[in-house]
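Chain by chain, the residues run as shown.
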Amino acid sequence: MASPKFWLQIVVPIVLFQALSLSRVGYADEPAEVSQHAESERLFTLKILPILKSKCFGCHGQDPDDVRGGYNLLNRENMIKGGDSEDVALLPGKPEESPLYQAIMWDGYEMPPKETDRLTKKETEYFRDWIIAGAPWPDASRQLSIQKEEWAVAENEDGVIVGTSGGTADDWTYRRYSKEETWAFQPVKSVAVPPGSKHPINAFVLRKLSSAGLAPAPQADPRTLIRRASYDLTGLPPTPEQVHDFKKAWESDPEQAWSALVDQLLDSEHYGERWAQHWLDVVRYADTAGFSNDYERSNAWRYRDYVIRSFNDDKPFNEFVVEQIAGDELRPGDAEGIVSTGMLRMGPWGTAMIPQEEARQIYLDDLVHNVGQSFLSMPMRCCKCHDHKFDPLPTRDYYSMYAAFATTQPAELKADFLPEENVKGFSEKQKLVEHLLEYAKAEQKKIQDKQEAAAMKWYEEHRLPYKNEDERKGDPEDQKPPRHVGLTPEEKGMKKVREQDVWIWERRMERYQPMAQGVYNGQDSFKNGRALRRPKSINKNWRPENFILAGGALDAPTEAVSPGVLSATGLPANPGTDNPWNITDGLTGRRLALAKWITDDANPLTARSIVNRVWQYHFGKGIVKTANNFGAKGGKPTHPELLDWLTADFIENGWKIKRLHRLIMSSEVYQRSSRPLDPEKQATVDPNGDLLASFPPRRLTAEELRDSTLLISGELNPELGGVPVMPEINMEVALQPRMIQFSIAPAYQPSRTPAERNRRTIYAYRVRGQADPLLEIMNQPNPNESCELRDSAAVTPQAFTLLNSDVMTDRSIAFALRLQKEQPTDTVQQVRRALQIAFAREPKAVELSRLHGYLKEMQVYHKKHQPEPVEYPTQVVRSLVEEFTGEPFEFIEKLNVYEDYVPDPKPWTVSSETRALADVCLLLLNSNEFLYVY
């Protein structure tokens, strides 16, 4: 025996799986020795053989050309005979004298050789009992008979058999799982609320705390609660005035004050912005396509705004799901139905340098996986190549879901702007793009004209009629001028650059056109990731053929499959038929049928998934810690009955998320202090805080940090929706060259005015290949992968960024200017007001004294040190190498936004007093009290 191999790789003689008649063993009237022999055969078939397959055959029999030590374990004769040493390895009836048994006991030999693969005590006992019984090895028909009898028992001490559409082998199809592993596939239970509290959430949590001997923390103070609720529901801090009003209302009637606050925050238009960000993390929102060329998706912003509206409108979550998967099928021709399917366009995808068939497979694989983990908390990649190793997900179901999307084609589609969409200022915003497009066209024309003049001359010299560049492409080489005739090596490279520039700016113009990143149903056709359009005609008779692909390889199709759903849920899509897991195989309607199955009240995964996500965003971790993975290798529910009760309640009450917020936030569990009643005991009994004896504090997310600094500095523009804005980012990053095919991507140019730039971060332009340094270091996730939970690690670069970055300096200056405007002369009152705004509380005397002392020190410093102005560049010189000649060349990229740029206040534009006060503000913006929610 040696290291284990995946069970799929184990080769077993085909006769083991031939269908033969059933036989029973161990009849009451059989002689004892017959019954005992039957039991030992069962022991071999059900216990010994699976161990051999998983831990031994990989090195001792699977590969005839590589049998380690010459010891072949595929049959009893060779097992007894032994290997190259020619020593007998197994003595039937005598385990202690058998080298094989000694090896698995790690007595002398150590097999399997890895500690992690070593047989358990129970497994070694199976081998001992089997050898004592004479090491029987029943033939294939007897093995199958035993297996079939075992398969007829749905549940035994080894676990449960989960009914599915069937794996590629019987061993997998009838594999047993513990109920703990498959908890998410089991129906949502109707759970009785435990006694002890009127509020169901309190009751479930208190029961766990009581059994652990932990006492809950007391209720948090009103200021802490309003700050916690404001950030959770809007992503913004409360103003000092809002805190004052809430505390006053709390004194009169705490319960009424809290309920009114929650309702007010849920009714805020900023609620949708905050909760849309959570969903955009999950579905990987970005404004570009990723990969080497990172093509722009000019209309992706419309999907982003659809998500914001959906949360603000409290759209039932099941309806929200259906629209994102099949809005175009649900409401054909409806603009919002098209826009909502933008979710199916969110993954990174491109066609450059990839065969069309492979690019198509990449797209469909991404849809299956992302729909699985986003809506069902069930990642699907693991069953693309084989039946899932740990979960009851046959590869057949993977390809059935794949087939459900097989007629789905990505495209930029016409979709009229909706009255509720923000299209203000389009004409002004287009001017910058038009200017860059005109410049690119003019530069391209210069080179093109020079080339064609030389081409005309060539045709004249060869006495041939002139043909333009497109017309002569297919001509023989001796019948047309050389490629790039008349151009210098530098101009050859410039020609490609300018052609690419023209396309880039033409594409950018589409932001302002009534188009959407969506999908349609139609035949497979050539796809160019630069521009995707619906064909003029759709072949309504076209149907794709779909197969299980062995190893996920396109060139290894096996069994044909039809569109379908996940069978392990026990929820048929087509009940009462021969194929209950199948859905329609028409050109259209596949996605809608899948979406309706996903959102069926009886689906055990969907509602559990979103309820767990909502809980997670309130408490920092879900009842299930792995929000994207409810499978065997994901986390297990810390409070399974609470999750089921919340899920059942969520479904019963119309899948409404705002109601779920109210339910969670009205609980004592949510309103607890973050200071444990007994810190030492809690650290010992519940070090991870799973039992929720106290409220878990968290750091602000990247977006909350930026939005909060803009709010307290007085710069935040609260306008909703619209095309992406470009905040200022680190200039080196903004101007760094980003290679794309034949050229360099345009430099990042911030929006021209502060009102445009200083919008909420959810509206910032997201480039897959160019992250905002501040947001990235503070935990904005990479949009190439679904983010189930933001990283909360504190690392050194964060401190450097928060103290030294231009962005934070600009916010602190704006904050200082606000303070000077509100308190023009009294520096003590300026510091007091700074603390009030940043922390939403009155300062302590010692804080006020120390900060005012620091202000005086900084006033002296800044009077002696005047910062040097920094000029904005209006162009940048780029260097490239021409791909065919290898010659280097340079070209100029215009940065025309800086020609009439309106900057934020900078250190060199304000007084020394303002800079000194800004240093005080910067300290506050770097404090734990500002950066953490308690």
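Residues numbered from 1 in each chain as written. Predicted model: local features only at pLDDT ≥ 70, side-chain atom pairs only at ≥ 80, totals over all residues. Heavy atoms only, no water.

Here we take up the overall build of the protein. Across its full length, the protein holds 34 helices and 13 strands. The C-alpha extent of the protein, read off along each of the three principal axes, is 105 × 95 × 55 Å. Put simply, the protein has 934 residues, and 55% of those count as buried. Summed over all atoms, the accessible surface of the protein reaches about 40,900 Å², with 52% contributed by carbon and sulfur. Of the charged side chains in the protein, 114 are positive and 136 negative; the average position of the first set lies 3 Å away from that of the second. (Helix = DSSP H or I, 4+ residues; strand = E, 2+ residues; numbered from the N terminus. Buried < 20%, exposed > 50% of the residue type's maximum accessible area, 1.4 Å probe, protein only. Areas by Shrake-Rupley, 256 points an atom, 1.4 Å probe, with all protein chains shown as cover. Lys, Arg positive; Asp, Glu negative; His and termini not counted. Charge placed at Lys NZ, Arg CZ, Asp CG, Glu CD.)

This next bit is on the pairing of strand β4 (residues 408-414). On a regular strand, one side chain projects to one face of the sheet and the next to the other, so that they alternate. Burial analysis of β4 places six of its seven residues in the buried class, which makes it a mostly covered element. Pairing of β4 with strand β5 (residues 515-521), which is carried by seven bridges, proceeds in the antiparallel orientation. What sits directly across from Glu 412, in β5, is Gln 517. (Pairing = 2+ DSSP bridges.)

What follows concerns the pairing of β5. For β5, a buried count of seven out of seven residues is recorded, marking the element as mostly surrounded by other parts of the structure. Residues Met 515, Gln 517, Val 519 and Asn 521 of β5 are buried on one face, and the alternating residues Ala 516, Gly 518 and Tyr 520, pointing to the opposite face, are buried as well.

Take the packing of aromatic side chains next. The full count for this structure, using the stated rule, is 37 aromatic pairs. Their ring planes at 35 degrees and their centres at 5.6 Å tell us that Trp 279 and Phe 375 sit as a pair that is tilted. Here Trp 279 is found in helix α11 (residues 269-283), whereas its partner Phe 375 is found in helix α15 (residues 356-375), with 96 residues between them in sequence. Note on Phe 375: relative accessible area 0%, which makes it buried. Ring geometry for Phe 317 and Phe 320: centres 5.9 Å apart, planes at 50 degrees, overall tilted. Of the two residues, Phe 317 and Phe 320 both sit in helix α13 (residues 317-330), three residues apart, roughly one turn of that helix. Ring pairs connect the aromatic residues Phe 246, Trp 250, Trp 258, Trp 615, Phe 619, Tyr 670 and Phe 695, which therefore count as one cluster. (Phe/Tyr/Trp six-rings, centres within 6.5 Å; stacked < 30°, edge-to-face > 60°.)

A separate point is the environment of Gln 373. Residue position: Gln 373 is located in helix α15. Expressed as a C-alpha distance, the spacing of Gln 373 and Thr 606, which sit 233 residues apart in the sequence, is 10.0 Å. Not counting the four nearest positions on each side in its chain, Gln 373 is found in contact with Met 378, Pro 379, Arg 613, Asn 628 and Ser 786. (Contact = heavy atoms within 4.5 Å.)

On to the nonpolar core, then. Counting 143 residues, the largest nonpolar core has Trp 258, Trp 279, Tyr 303 and Leu 646 as the members making the most contacts within it. Apart from the residues lying within four places of it in its own chain, the contact partners of Trp 258 are Leu 225, Ile 226, Ala 229, Phe 246, Trp 250, Met 665, Ser 666, Tyr 670 and Gln 671. In this structure, Leu 705, Leu 819, Ala 838 and Ala 918 belong to the second largest nonpolar core, which totals 34 residues. (Core = buried A, V, L, I, M, F, W, Y, C linked by side-chain atoms within 4.5 Å.)

The N-to-C vectors of helix α21 (residues 640-652) and helix α22 (residues 657-665) enclose an angle of 140 degrees; their axes lie 10 Å apart at closest approach. In terms of orientation, α21 and α22 fall into the oblique class. The handedness of the crossing between α21 and α22 is right-handed. Residues Trp 645, Leu 646, Asp 649 and Phe 650 of α21 pack against Ile 657, Arg 659, Leu 660 and Leu 663 of α22. Split into classes, the residues belonging to the contact of α21 with α22 amount to six nonpolar, no polar and two charged. (Axes fitted to C-alpha atoms, helices over the stretch in contact; angles between N-to-C directions. Parallel < 35°, antiparallel > 145°, perpendicular 65-115°, else oblique. Left-handed = near helix turned anticlockwise from the far one by under 90°. Nonpolar A, V, L, I, M, F, W, Y, C, P; charged D, E, K, R; others polar.)

Looking now at the state of the cysteines. A complete count under the given rule lists zero disulfides for this structure. For Cys 382, which is in no disulfide, the shortest distance to another cysteine sulfur is to Cys 383 and amounts to 7.3 Å. Judged by its relative accessible area of 45%, Cys 382 is partly exposed. (Disulfide = S-S within 2.5 Å.)

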